[in-house]
Amino acid sequence: MKKFLISILLCVCCVSVAKAQDGEQGSTADGYSVSFYFPTNRTDNMNWSYNMGFEMNRGSYIADNVFIISGLGYLMSSQSIDIGNYNSLSTTSDNLCLPINIGSRLPLGGNDFPLLSVYTGPYLTYAIAGYVEKDVPGSSNPTKTRFSEMDDVQRFYAYWRFGATLNITGDFGIDFQYMTLISEHTGNSGGIIGIGIGLRY
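As a convention, each chain's residues are numbered from 1 in the sequence order in which they are written. Predicted model: local features are reported for residues with pLDDT of at least 70 only, side-chain atom pairs are reported and counted for 80 or more only, and whole-chain, interface and lining totals are derived from all residues. Excluded from the side-chain calculations are hydrogens and water; all other atoms, namely the structure's heavy atoms, are used.

Draft legend 1. Examining the overall build of the protein chain more closely. Helical segments are the DSSP runs of H or I of at least four residues, strand segments are the runs of E of at least two, and each set is numbered from the N terminus. A tally of regular secondary structure across the protein chain gives one helix and nine strands. Helices (α) and strands (β) of the protein chain occur, in sequence order from the N terminus, as α-β-β-β-β-β-β-β-β-β. For every residue, the accessible area (1.4 Å probe, protein chains only) is compared with the maximum for its type, and the residue is labelled buried under 20%, exposed over 50%, or partly exposed between those bounds. Here the protein chain holds 201 residues, and 40% of them are scored as buried. Any two residues whose heavy atoms approach within 4.5 Å are treated as being in contact. Within the protein chain, counting contacts between residues at least 6 apart in sequence, those at least 24 apart form 62% of the total. Carbon and sulfur atoms make up 59% of the accessible area of the protein chain, which totals about 10,500 Å². Computed with a 1.4 Å probe, the accessible areas rest on the Shrake-Rupley method; for each residue, only the protein chains presented here act as cover.

Structure, rendered in structure tokens:
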């Protein structure tokens, strides 16, 4: 299932937080998004950490050049840490996401492109599946425990997101994001940065 979802993400490979249309009140603000995320504060024992997400958003302009947008998304999260004695612990999860944003469209060249869309709002994630894997040197069978077999897994995370999309044309944009945790959490409490590319629909 995970490989299928990843294949869809890589094949679609299209983003934009807001549809760069005319920006008038009542017009739509719809788009797909694919983004890659990385932690801002890597710890000494962290081997690697990455996230890849896909969103499908729908919204509308509530005033000239001001939009509200929300949607559904998928986020694959994976990281590995060193737990000592050459052992490592990796966690991989599949998450459903709910982004909610308010933003503004800022033309940089009059009414022509390029233009900049800035936005902010909550980004909620819930782990629907995942597993923890312990690798031991010399062992060909790492210990794997699924979330469904664990009682103390934190599945819900709430972030606050800040972002900016540079729309090169009316259909294509490059997206930059920063997200910080606002919910109670365990483990790494740092923020994550993201970059994406995309198309409107």
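Draft legend 2. Broad picture of the environment of G121. Among the structural elements, G121 can be located in strand β5 (residues 112-135). Under the relative-accessibility criterion, G121 is labelled buried at 2%. For the pair G121 and P99, spaced 22 residues apart in the sequence, the C-alpha separation amounts to 7.4 Å. Residues contacting G121, with those up to four places away along its chain left out, are I100, N101, Y159, W160 and R161.

Draft legend 3. View of the packing of aromatic side chains. Stacked, edge-to-face and tilted labels apply to pairs of Phe, Tyr and Trp rings (six-membered ring for Trp) whose centres lie within 6.5 Å, assigned for plane angles under 30 degrees, over 60, and everything in between, in that order. Under the criterion given, the structure shown has two aromatic pairs. Note on Y61 and F67: the rings are 5.7 Å apart at their centroids and 80 degrees apart in plane angle, and the pair reads as edge-to-face. Accessibility assignment for this pair places Y61 and F67 in one class, buried. Lying across the ring of Y131, K144 places its NZ or CZ 4.4 Å from the centre. A positively charged side chain is recorded as over a ring if its NZ (Lys) or CZ (Arg) lies within 6 Å of the ring centre. The angle to the ring normal must also be within 35 degrees.

Draft legend 4. Quick peek at a nonpolar patch on the surface. Each patch is built from residues lacking any salt bridge and having more than 30% relative accessible area; the joining distance is 9 Å for like charges and 5 Å for nonpolar side chains (Val, Leu, Ile, Met, Phe, Trp, Tyr). What makes a salt bridge here is a side-chain nitrogen of Lys or Arg within 4 Å of a carboxyl oxygen of Asp or Glu, nothing more. On the surface, F36, F38, Y50, W160, F162, F176, Y178, I182, I193 and I195 cluster together into a nonpolar patch covering about 920 Å² of accessible area. Among the elements of the structure, β1 (31-39), β7 (156-167), β8 (172-181) and β9 (192-199) are those that each provide at least two residues to the nonpolar patch. Positionally, F38 belongs in strand β1. Judged by its relative accessible area of 40%, F38 is partly exposed.

Draft legend 5. How the structure looks around the side chain of T92. Within the secondary structure, T92 sits in strand β4 (residues 87-109). Side-chain atoms alone can form a polar contact between residues adjacent in sequence; in general such a contact is a pair of N or O atoms within 3.5 Å, and within protein one must be able to donate a hydrogen while the other accepts it. Within polar-contact distance, the side chain of T92 engages the side chain of S78 at 3.2 Å.

Draft legend 6. Layout of the nonpolar core. Listed in full, the nine residues of the largest apolar core are Y37, L75, C97, Y123, Y157, Y159, M179, L181 and I192. Elements supplying a minimum of two residues to this core: β7 and β8. Only buried Ala, Val, Leu, Ile, Met, Phe, Trp, Tyr and Cys residues count toward a nonpolar core, and they belong to the same one when joined by side-chain atoms within 4.5 Å.

Draft legend 7. Up close: the pattern of salt bridges. This structure, assessed with the given rule, holds one salt bridge. For E55, the salt bridge identified is with R161, shortest N-O distance 2.7 Å. Highlighted residues: E55 in strand β2 (residues 46-63) and R161 in strand β7, separated in sequence by 106 residues. Residue E55 shares its accessibility class with R161, and that shared class is buried.

Draft legend 8. Structural detail: unusual backbone geometry. Backbone geometry at N65 places phi at a positive 70 degrees, although glycine is not the residue there. Note that N65 resides in the loop between β2 and β3 (66-84). Relative accessible area serves as the criterion here: at 22%, N65 is assigned to the partly exposed category.

Draft legend 9. Expanded view of the environment of V66. Position of V66 among the secondary structure elements: in strand β3. In this structure the C-alpha to C-alpha distance between V66 and R105, which are 39 residues apart in sequence, comes to 6.3 Å. Those residues within four positions of V66 in sequence are excluded, and the remaining contacts are S60, Y61, G103 and S104.

Draft legend 10. Seen up close, the confidence of the model for the protein chain. Taken over all residues, the pLDDT of the protein chain has a mean of 78, while the share at 70 or more is 74%. A score between 0 and 100, pLDDT records how confident the predictor is in each residue. The least confident element of the protein chain is helix α1 (residues 2-12), whose mean pLDDT is 39; the most confident is β7, at 92. This stretch, residues 1-21, has a pLDDT under 50; its non-local contacts, to residues over four places away or in other chains, come to 66 contacts.

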